[in-house]
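# Residue-level structural notes
Each chain, letter by letter, is given below.
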Amino acid sequence: MLIIEFTHFYERKLLILHSNSKMNIKSAFTTFIICVAIALPFVLLEFTNGRIENRLTGRWKEVSWTYEKANTKEFEIYEEVQDHISRDLVIHKAEVWSIRPNGHLLLKNRHGKTVNLKWMLKGRGNILKLIHNDTLVEHYQIQRLTDTRMILHFENDIHTKGMIKIEFEKLN
Amino acid sequence: MLRKHSNIRSLQDNLKLGAITAISAGMVNVSSVFMFFAFTSNVTGHYAILADEISSGRYEEIIIVASWLFLFFMGSFVSNYIIINSRFSRFVAHSIPLVLEMLILIGVGFYGIHYYQETLSETEVLVALLLFTMGLQNGLTATISNFAVKTTHLTGLTTDLAIYTSMYLNNEYRKKPIVKEKIRLFLTIMICYVGGGVLAGTVTHKFGFYIFPVIAGFMSLILVYDYLHIKYEQKKMEEIRMQRSDPERSNK
C-alpha cells in the first residue's frame, strides 16, 4: 500500500515537472521502476544480513567423522585415522568449536589444548573460511546448518573415499 | 566493435568484441571465485543451486541466490533498454552499458581495497554487483551482435560449437562460409574466456582487489579502439569531401 501511495506521489510530482511532455513522464516513470527493481535485491540481501552468522555462532561439539562417499552407509573414521587426516589442518584433533560473533573461533581438543582462529563466511554463506596466525587459510563447506546441527565437508588426500564429513551438535 | 549493429557487423567486428569481453568475463569469474567463493558469470550453475536451496528449504540462501539471478537479469535488461531507447549516436548508446560495467568494476575494486571486512553481507553485495556487470556485458554483446556473441554463456556456446563442428564434417555444409566463421568465433570466445580465467587465477592472489580496475582498464580498449576508428573515418571522409569540392587542388 505504501509503495502504491509513494508511486502515485512520484507520478504526481513528475506531472508537475513535465506537464508538457507525456513521453518524458513515461520514460522517467520507467526509469524509476528500473531503479527500484535494481535496488530490490540489495534490500533483500540486507534482510538476510546476519541470519546465517547468528545460527553459526555458539559452541559445537564434534559428533562424528565419516567419509561422504564410502561404500557402506555409515563408515565411521576412527580416532587414529582422524589424527592422520587432520595432522596438517588447523582443526587438528579438535573436539569443541566455540564460534564467537566477533569473528573468533576457539578450538578445544580432547587433551584440553585450545587454538585461536579467525572465521568468516564466503559464497552465499556456504563456505567457512578459517585463518590461523594470519597465514594458514583453510576452507570448509557448510553442507547443513540448523539451530542444533551442523555438517561440514572438506576434501582430503584420500580421494577414493571422497570428502570428509564432520557432524556437529550444538552444546548451548 | 561497438559502432555497428546487428547484421551489418563483420566477422572481424564480432571476433574483436568477443575476444576482449570473453577475456574480461573469464577474469571476473575466476577472480570472484578466488575472493568470494561464488561464480559471477555462469548463471546456469546458480539456477541449479537455487533449485537445491528450494528443495532443502533454506530460505536465506534462496533469497541470496534469487537476488543474484535477478541482478544478472536486470543487467542484461538495462543494457538492452539503454541501447534501444537511447537518443545518442550508436557508438555512445553502445558505450553506456560498457562504461557502467567499468565503473562498477572500479567501484568493487575500490571498496575491496579500502573497506572490505570479509563479512558475508559485503560478499553477497559485491557478488551481486559483479553478476549485474556480467549481465550488462552479456546483454550488450548479444544485442549489438544479433545474438552472435555471448561471452558469459559457455553452455550455449559449447553446444553451438559442437553443432557447427558436426556441420563442418558434412560435405554439403562445409562449403558454406558461415559454418567456418561461426566455428572461428566460438573457438575464439572459448579460448579467450579460459585464457582470461587462467590469467586471473595466476595473478589474483598477488593483485587482490586491484584485479577489478585492471579488468576495467582492459575493457576500455574497446572504447579507445572504436573512438580512434571513428576519428580516423571522419578524417578520411573529410579528405574525400575536400577532393570532391576542389579536384584541382587534390590533383596537385
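Preceding this section is the structure that the text describes.
Below or above, wherever it landed, is the structure these notes cover. Computed from a predicted structure; not experimentally measured.

### Description of the interface of chain A and chain B
- Counting from both sides, the interface comprises 26 residues of chain A and, opposite them, 31 residues of chain B.
- Across the chain A/chain B interface, buried area totals approximately 2,600 Å², and carbon plus sulfur atoms make up 67% of it.
- Of all residues in chain A, Leu-45, Lys-122 and Arg-124 of chain A give up the largest surface area on contact with chain B, accounting jointly for 26% of the area buried on that side.
- Applying the counting rule to chain A against chain B returns five salt bridges.
- For Arg-55 of chain A, the salt bridge identified is with Glu-60 of chain B, shortest N-O distance 2.9 Å.
- The interface formed by chain A and chain B contains nine residue pairs in polar contact (both at pLDDT 80 or more).
- When contributions to the side of chain A that touches chain B are tallied by element, the ones reaching two or more residues are helix H2 (22-47), helix H3 (51-56), strand E4 (114-122), strand E5 (127-132) and strand E6 (136-145) of chain A.
- Looking at the side of chain A that touches chain B, the element that brings in the most residues is H2 of chain A, giving ten residues.
- Residues that form the side of chain A that touches chain B fall into these classes: twelve nonpolar, eight polar and six charged.

### Regarding the environment of Arg-9 of chain B
Residue and element names in this part refer to chain B.
- The topology assignment puts Arg-9 in the segment before helix H1 (11-36).
- Residue classification places Arg-9 among the buried positions, given a relative accessible area of 8%.
- A sequence separation of 91 residues divides Arg-9 from Leu-100, and the C-alpha atoms of the two residues are 23 Å apart.

### Let's talk about the layout of surface pockets
- By volume, the largest pocket amounts to about 530 Å³.
- Along the walls of the largest pocket sit 16 residues, with Ser-27 and Thr-31 of chain A together with Tyr-81, Ile-82 and Asn-85 of chain B positioned nearest its centre.
- Among the elements that take part in the lining of the largest pocket, H2 of chain A stands out by supplying eight residues, more than any other.
- Partitioning the lining of the largest pocket into residue classes produces nine nonpolar, five polar and two charged.
- The computed volume of the second largest pocket comes to approximately 330 Å³.
- What lines the second largest pocket is a set of 13 residues, and nearest its centre among them are Lys-129 of chain A together with Phe-34, Met-35, Glu-118 and Phe-209 of chain B.
- Those elements that place two or more of their residues in the lining of the second largest pocket are E6 of chain A together with H1 and helix H8 (177-207) of chain B.
- Taken together, the residues that form the lining of the second largest pocket break down as six nonpolar, four polar and three charged.

### Quick notes on unusual backbone geometry
- One non-glycine residue, Asp-134 of chain A, lies in the positive phi region at around 60°.
- Turning to its location among the elements, Asp-134 of chain A is positioned in the loop between E5 and E6.
- Overall, the relative accessible area of 58% leaves Asp-134 of chain A in the exposed class.
- Positive phi outside glycine occurs at Asn-146 of chain B, with the angle close to 55°.

Rules and cut-offs
- Residues numbered from 1 in each chain as written.
- Chains lettered and ligands numbered in written order.
- Predicted model: local features only at pLDDT ≥ 70, side-chain atom pairs only at ≥ 80, totals over all residues.
- Heavy atoms only, no water.
- Contact = heavy atoms within 4.5 Å.
- Buried area = accessible area lost by both parts, 1.4 Å probe.
- Salt bridge = Lys/Arg side-chain N within 4 Å of Asp/Glu carboxyl O.
- Polar contact = N/O pair within 3.5 Å; in protein donor to acceptor, adjacent residues only side chain to side chain.
- Helix = DSSP H or I, 4+ residues; strand = E, 2+ residues; numbered from the N terminus.
- Nonpolar A, V, L, I, M, F, W, Y, C, P; charged D, E, K, R; others polar.
- Buried < 20%, exposed > 50% of the residue type's maximum accessible area, 1.4 Å probe, protein only.
- 1 Å grid on protein atoms, 1.4 Å probe; cavity = no way out; pocket = protein on both sides within 12 Å on 5 of 7 lines; lining within 4 Å.
- Points joined across faces, edges and corners; volume = space filled by probe spheres on them.

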